[in-house]
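If you want the building blocks of each chain, they are given just below.
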Amino acid sequence: MEEMHVAQQDRLKFFPIMMYAIVMGMSGLTIMYQKAGQWLGFPHFIGSALMVITTLLFISISVLYISKYIKYPFAVKNEFAHPVRINFFAAVSISMLMLAIIYEGQYPSISAIFWYPGALLHFYLTMHTISFWINHNQELDHSNPAWFIPIVGNVLVPIAGVEFANQGLLMYFFSSGIFFWVVLFAIVLNRIIFHNQMASKFMPTMFILIAPPAVGLIAYIKMFESFDLFANMLFNLALFFTLLIAFMYKNFLKIKFFISWWAFVFPLAAMAISAMLMYHHTQDSLLLLLSYAMVAVTSVIISVVIYQTIIHIQKREICIQE
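Predicted model, so just to flag it, every value in this text is computed and none were measured.

Chemist: For this particular structure, what's the right way to read the packing of helix 3 (residues 44-71) against helix 5 (residues 90-104)?
Modeler: To describe two helices that pack against each other, one gives the angle between their axes and the distance between the axes. Where helix 3 contacts helix 5, the two axes come as close as 11 Å, and the packing angle between them is 155°. Relative to helix 5, the element helix 3 is oriented roughly antiparallel. The two elements helix 3 and helix 5 cross, and the hand of that crossing is left-handed. Two secondary-structure elements touch here, helix 3 through M51, T54, T55 and F58 and helix 5 through V92, S95, M96, L99, I102 and Y103.

Chemist: Just to check I follow, could you spell out the packing of helix 7 (residues 149-161) against helix 8 (residues 167-194) for this structure?
Modeler: It is at 7 Å that the axes of helix 7 and helix 8 come closest, and there the two elements cross at 150°. Viewed along their axes, helix 7 and helix 8 adopt a mutual orientation that is roughly antiparallel. The interaxial crossing formed by helix 7 with helix 8 has left-handed handedness. Contacts between helix 7 and helix 8 pair I151, N154, V155, V157, P158 and G161 from the former with L170, F173, F174, S176, G177, I178, F180, W181 and L184 from the latter. Tallied by class, the residues present in the contact of helix 7 with helix 8 amount to 11 nonpolar, four polar and no charged.

Chemist: Just to check I follow, could you spell out helix 9 (residues 211-224) for this structure?
Modeler: In an α-helix there are 3.6 residues to a turn, and that puts residues three or four apart on one side. Across its 14 residues, helix 9 extends 20 Å between first and last C-alpha, which sits within 8% of the 20 Å expected from 1.5 Å per residue. Along helix 9, 12 of the 14 residues are buried, which leaves the element largely enclosed by surrounding structure. Taken together, the buried positions of helix 9 are A211, P212, P213, A214, V215, G216, L217, I218, A219, Y220, I221 and M223. In this structure, the buried residues of helix 9 make contact with helix 7, helix 8, helix 10 (229-247) and helix 12 (265-282). The first or second residue beyond helix 9 is E225, which carries a positive phi of 50°.

About the cut-offs
Residues numbered from 1 in each chain as written. Predicted model: local features only at pLDDT ≥ 70, side-chain atom pairs only at ≥ 80, totals over all residues. Heavy atoms only, no water. Axes fitted to C-alpha atoms, helices over the stretch in contact; angles between N-to-C directions. Helix = DSSP H or I, 4+ residues; strand = E, 2+ residues; numbered from the N terminus. Parallel < 35°, antiparallel > 145°, perpendicular 65-115°, else oblique. Left-handed = near helix turned anticlockwise from the far one by under 90°. Contact = heavy atoms within 4.5 Å. Nonpolar A, V, L, I, M, F, W, Y, C, P; charged D, E, K, R; others polar. Expected span 1.5 Å × (residues − 1). Buried < 20%, exposed > 50% of the residue type's maximum accessible area, 1.4 Å probe, protein only.

Structure, rendered in structure tokens:
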């Protein structure tokens, strides 16, 4: 019994901040099915059930990570100082912002509970992460699409924030997110093309390339209710990266399971929501087909990722020292 207790403590010590990627993925899936119920006639109970599951996941992961901080503060500090893992701390605030979006329509008071601290936390994490990059010389081999995570969150802020903040504040988050998306994309593309290939466990983060333009489109239309040239550009950039990832599907078939597999889900869900939003505004039949296709693909992929996550948790292959 004592050995089992020690083993459980060790697993808590190595409980990774990347576990919040699960909440991001499930939040994206929840919003996708909420919008599918609203615009495509899907059963509404799917989105409602996923809302409860996602909230419980966020609470459970938060309790575990706070417990880790209390018992092993040095382990959390080491993650916070890690050149790659530091980017995943923004997944905490992104999860809160996405929960705010989930609750926005039905329960605005609960949405506010997630949005205000989520926006403040993300502001701090964005500033801290960029300061960390500036104050510590970064190895180019450490750069990967996960660097977008602190940036994508800025673009998420306005989606639920239209109910809680003025346009000027929301435009601050939107502008900084779009600007650094372009800057970081140039850095990451340079690294991918001209330098060493990414480690296999980071290959799924390639899907994150889809997220900034897809989320940017949703935020832009939410703020300005304008379906203009810029909105079209954002959608088509998201579509381009989705097609590129689909074209490169062989790169992902033989990847060993890592928790980074959850990087598949959130960007695909964002693309599905963007396609549905475009269909809602244009009533284009091709966009309707794309919407159904993206909902189907996202659902299949998250089923596989959930299955693999459960299997590897049972094998105790996730909360281990790397």
